[in-house]
Amino acid sequence: MTLPNGLTPEAARDTAARAYELDRKHVFHSWSAQKSLHPMVITAAQGCYVWDGDGNRLLDFSSQMVNTNIGHQHPKVVAAIQEQAATLCTVGPAYVNDARSEAARLIAERTPGDLDRIFFTNGGADAVEHAVRMARLHTGRYKVLATYRSYHGGTETAVNLTGDPRRWPNDHGNAGVVHFFGPFLYRTQFHATTEAEETERALQHLEQTIALEGPSTIAAVILESVPGTAGIMVPPPGYLAGVRALCDKYGIVFIADEVMAGFGRTGKWFAIDHFDVVPDLLTFAKGVNSGYVPLGGVAIAPHIAATFDDRAYPGGLTYSGHPLATAAAVATINAMTDERIVENAADMGERVIGPGLRELADRHPSVGEVRGLGVFWAVELVRDRATREPLAPYGGTSPAMTETVAAAKAAGLLLFVNYNRVHVVPPCTIGEGEFKEGLAILDQALTVADGHTV
């Protein structure tokens, strides 16, 4: 028996052992205390599965960083990267190349409204940095409003926009960012009892924040169309349309962060398409080429782009629109279109994933709420359904969560976990049989979480 990369299990274990040794000696990991870290080795991947350093196959319900939307090692994307590498490995951003041009065309065809100018970056955080820069230069204002319970990236502006605890060590209060509460009915800040109430009161709160901060000082409001890492809180009907209206009323740029939610993740090309709203700027990354080569970008509305018709845009990156990355994007978008991968994500979410997770919620007292769209779901775990006390504190973990995740991994399921939530975010290509395989393992793991309820 061999792994998808052609290695025997014995050879894979030897390779993994050497990789682990060198990793712990030389690699400095992100978001981690280095001394206590014991990272998992991945030696191979194919479709919805990965293989660890011991040769165990795990179903990848995390899509790694929620970015392998097209699955691992898609042959069309791998071939496109190989072909591009043989033709033109790299070129400066000032020069035209066909991979970048075609990628821009394909992205512009799928973005909402008339967002048809594309600025390429190396990833999502860079995209957010440049979207904010564009908004500030366009308006001549500086402040940016962002929600608590959000994640926008790890670079300086992006991490200050972020509304979760990863911001705290990097936040010195001088980034021009003001945070406000977005809608989240399960843990409402507005004492709402219905989605309609949550929408109305959340919009009132946002407008009051704008008024108190001074509309003439605010360049942009940035929102994840569907917040991802923070909990996959699908906004209630009317909320994003209300934000659009407030931005129009006060001359504020509306930035939709689609870095995680875009390119099929919610069952549409972009999550904001569910709400019939067109932002002024839209950031993307991750699923644009499933992370095969780092790539991100900003889709720009004409009135923002026109600001820089006769005025140089003061920003750029050495690898903006890198040929290998954009060739991977072209192959990814074409494969997603030809193979109806976005439609598969929508169908799986509505017909299989949503019903399956809700059935688990009915049977496990540790599940407080299930929410999501497409292949973008969160399972909120609680100690007490009545009080909604989370199974891990905000910004931290707990033995209950550690044991639950370990049980899933031991049974062959790789999960994306944040605080008290398990995120069910497999590739958009997942089939019904694969999902049910993972659901059965998650069912077993949740019995561990149930043991920590009151």
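See the structure printed just above.
A.B. asks: Explanation requested: the side chain of H364 in the structure shown.
C.D. replies: Secondary-structure assignment places H364 in the loop between α11 (341-363) and β11 (367-373). Sequence-distant contacts of H364, defined by excluding residues within four places in its chain, comprise R385, D443, L446, T447 and D450.

A.B. asks: Is there a simple way to think about the packing of helix α12 (residues 399-410) against helix α13 (residues 432-450) in this case?
C.D. replies: Two numbers describe a pair of packed helices, the interaxial angle and the distance between the axes. Between α12 and α13, whose axes approach to 8 Å, the crossing angle comes to 155 degrees. As the angle between them shows, α12 and α13 are arranged roughly antiparallel. Crossing angle aside, the handedness with which α12 passes α13 is right-handed. Facing α12, whose interface residues are E403, T404, A407 and A408, α13 presents I441, A445, V448 and A449. Residues of the contact of α12 with α13, tallied by class, amount to six nonpolar, one polar and one charged.

A.B. asks: Is there a simple way to explain the packing of aromatic side chains in this structure?
C.D. replies: Note on aromatic pairs: each is described by the distance of the centres and the angle between the planes. As enumerated under the stated definition, the model contains eleven aromatic pairs in all. Centroid distance F119 to Y313: 5.7 Å. Interplanar angle 75 degrees. Geometry classified as edge-to-face. Highlighted residues: F119 in strand β4 (residues 117-121) and Y313 in the loop between α9 (302-305) and α10 (323-338), separated in sequence by 194 residues. Judged by its relative accessible area of 15%, F119 is buried. We classify Y313 as buried; its relative accessible area is 18%. The rings of F120, F263, W269, F270 and F284 are connected pair by pair, giving a single aromatic cluster. Its guanidinium or amino end placed over the ring of W269, R110 lies 4.9 Å from that ring's centre, counting from NZ or CZ. A cation over a ring is seen here: R166 above W31, with NZ or CZ 5.3 Å from the ring centre.

A.B. asks: So what exactly am I meant to see when it comes to the pattern of salt bridges here?
C.D. replies: Working definition: two side chains of opposite charge can pair if their charged atoms are close together. Taken as a whole and assessed by the stated rule, the structure comprises 25 salt bridges. Here E343 ties to R340 by a salt bridge, and the two come within 3.8 Å at their closest N and O atoms. Classification of R340 as exposed rests on a relative accessible area of 52%. Of the charged contacts in the structure, one is a salt bridge between R351 and E432, with a shortest N-O distance of 2.9 Å. Of the two residues, R351 sits in helix α11 while E432 sits in helix α13, which places them 81 residues apart along the sequence. A residue is classified by how much of its surface remains accessible, and R351, at 45% relative accessible area, is partly exposed. Three or more residues are tied together by salt bridges with common partners; here these are E102, R105, E109 and R110.

Rules of the game
- Residues numbered from 1 in each chain as written.
- Predicted model: local features only at pLDDT ≥ 70, side-chain atom pairs only at ≥ 80, totals over all residues.
- Heavy atoms only, no water.
- Helix = DSSP H or I, 4+ residues; strand = E, 2+ residues; numbered from the N terminus.
- Contact = heavy atoms within 4.5 Å.
- Axes fitted to C-alpha atoms, helices over the stretch in contact; angles between N-to-C directions.
- Parallel < 35°, antiparallel > 145°, perpendicular 65-115°, else oblique.
- Left-handed = near helix turned anticlockwise from the far one by under 90°.
- Nonpolar A, V, L, I, M, F, W, Y, C, P; charged D, E, K, R; others polar.
- Phe/Tyr/Trp six-rings, centres within 6.5 Å; stacked < 30°, edge-to-face > 60°.
- Buried < 20%, exposed > 50% of the residue type's maximum accessible area, 1.4 Å probe, protein only.
- Lys NZ or Arg CZ within 6 Å of the ring centre and 35° of its normal.
- Salt bridge = Lys/Arg side-chain N within 4 Å of Asp/Glu carboxyl O.

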